[in-house]
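If you want the building blocks of each chain, they are given just below.
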Amino acid sequence: MFPHAPTSVALARRRLRSELIDAGVSESAVDDANLIVSELLSNALRHARPLPSGKIRLSWGRRGDGMIEVAVSDGGASTEPRCGPSTLSSLGGRGLGIVESLAARWGVRHDHGATTVWALVDAPQAGAGARTAPPVAHAGVAEYADLPDLDDESWDVPPTRAFPA
């Protein structure tokens, strides 16, 4: 569970990266999973309500078929997450297109008042010839409870700008 705040994206990326590297996942799969998580969390923060707890849920795990499933759950929005066309001049709208291009599959499920957007990433073990990412230092990472809760009014980014990853 992460706060429904922009600071959660960087925290989630660090934690995911660290855990996937510790599990021996190849660097390219770690990078793909991190980018997908950035897009899914950014979309949840920008377009959806938090869960009743006031937070958003991120989960990931390795499946038996060598895939990593990442999933972001929120309290839902007035529209269904979908991959739509964007123009060159669009300031946003590319997130799910990025997810679609990197993931083997992705989708949306609704259960118990939550909307979950999930994606499957091909995640081979790092082996001979595969580059593994360097470990992530945890020294500068704040505890979640120590982070301020930022709401949309206190976030210093114009609403017409794409959500930063």
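Everything numeric here is computed off the predicted structure, so don't read it as measured data.

Conventions used here
Residues numbered from 1 in each chain as written. Predicted model: local features only at pLDDT ≥ 70, side-chain atom pairs only at ≥ 80, totals over all residues. Heavy atoms only, no water. Helix = DSSP H or I, 4+ residues; strand = E, 2+ residues; numbered from the N terminus. Buried < 20%, exposed > 50% of the residue type's maximum accessible area, 1.4 Å probe, protein only. Contact = heavy atoms within 4.5 Å. Areas by Shrake-Rupley, 256 points an atom, 1.4 Å probe, with all protein chains shown as cover. Salt bridge = Lys/Arg side-chain N within 4 Å of Asp/Glu carboxyl O. Pairing = 2+ DSSP bridges. Axes fitted to C-alpha atoms, helices over the stretch in contact; angles between N-to-C directions. Core = buried A, V, L, I, M, F, W, Y, C linked by side-chain atoms within 4.5 Å. pLDDT = per-residue confidence, 0-100.

1. Considerations on the overall build of the protein chain
Logical step 1: For the protein chain, the helix and strand inventory stands at 3 helices and 5 strands.
Logical step 2: Seen in sequence order, the protein chain has helices and strands lined up from the N terminus as β-α-α-β-β-α-β-β.
Logical step 3: Out of the 165 residues in the protein chain, the part that is buried amounts to 37%.
Logical step 4: Long-range contacts, defined as pairs at least 24 residues apart, comprise 70% of the intrachain contacts of the protein chain with a sequence gap of at least 6.
Logical step 5: Surface summary for the protein chain: the accessible area is close to 9200 Å², and the carbon and sulfur share equals 53%.

2. Here we look at the pattern of salt bridges
In a structure, side chains of opposite charge can pair up when their charged atoms sit close to one another.
Logical step 1: Considering all chains together, one arrives at 4 salt bridges under this definition.
Logical step 2: The closest approach of N and O atoms between E69 and R109, which form a salt bridge, is 3.5 Å. Here the residue E69 occupies a position in strand β3 (residues 67-74), and R109 occupies one in strand β4 (residues 105-111), the gap between them amounting to 40 residues.
Logical step 3: On the basis of relative accessible area, E69 is assigned to the partly exposed category, the value being 21%.

3. Considering the sheet that holds strand β1 (residues 2-3)
Logical step 1: Sheet architecture is open: 5 strands sit in the order β1-β2-β3-β5-β4, paired in antiparallel fashion. In the strand order of this sheet, the two ends are held by β1 and β4, each with one partner.
Logical step 2: Bridge count for strand β2 (residues 55-62) against β3 is 6 bridges, and the pairing is antiparallel. The residue bridging S59 from the neighbouring strand is A71, located in β3.
Logical step 3: This element, helix α1 (residues 7-22), spans β1, β2 and β3 of the sheet and lies at about 15° to β2.

4. Section: unusual backbone geometry
Logical step 1: With phi around 50°, H112 is a residue other than glycine that occupies positive phi space.
Logical step 2: For H112, a relative accessible area of 85% puts it in the exposed group.

5. Description of the environment of D111
Logical step 1: Assignment of secondary structure puts D111 in strand β4.
Logical step 2: Spatially, the C-alpha atom of D111 lies 9.7 Å from that of S73, the residues being 38 residues apart in sequence.

6. Concerning the pairing of β3
Logical step 1: Taken across its 8 residues, β3 has 7 buried, putting it largely inside the fold.
Logical step 2: A loop of 4 residues connects β2 with β3, the two strands running antiparallel in sequence, and G66 in this loop sits at a positive phi of about 85°.
Logical step 3: Judged from the 8 bridges that link them, β3 and strand β5 (residues 114-122) form a sheet pairing that is antiparallel. The residue of β5 that forms the bridge with M67 is D122.

7. What to know about the pairing of β2
Logical step 1: In this structure, β1 lies alongside β2, joined through 2 bridges in antiparallel fashion. Following the sheet pairing, P3 is matched in β2 by K55.

8. Quick notes on the nonpolar core
As a rule of thumb, soluble globular proteins bury nonpolar side chains together.
Logical step 1: Within the largest apolar cluster, 30 residues are counted, with the highest numbers of intra-cluster contacts made by I36, L40, L41 and V99.
Logical step 2: If you list the elements that add at least two residues to this core, you get α1, α2 (27-47), β2, β3, α3 (95-102) and β5.
Logical step 3: Of the residues forming this core, the biggest block, 9 residues, is contributed by α2.
Logical step 4: Here L40 is in contact with V70, V72, L96, V99 and V117, once residues within four sequence places are set aside.

9. Observations concerning the confidence of the model for the protein chain
Logical step 1: Model confidence for the protein chain is summarised by a mean pLDDT of 75, while 67% of its residues fall at 70 or above.
Logical step 2: Confidence drops under pLDDT 50 across residues 88-92; counting only partners more than four residues distant or on other chains, this segment forms 5 contacts.
Logical step 3: Here residues 128-165 scores under 50 on pLDDT; set against residues more than four positions off or in separate chains, the count is 45 contacts.

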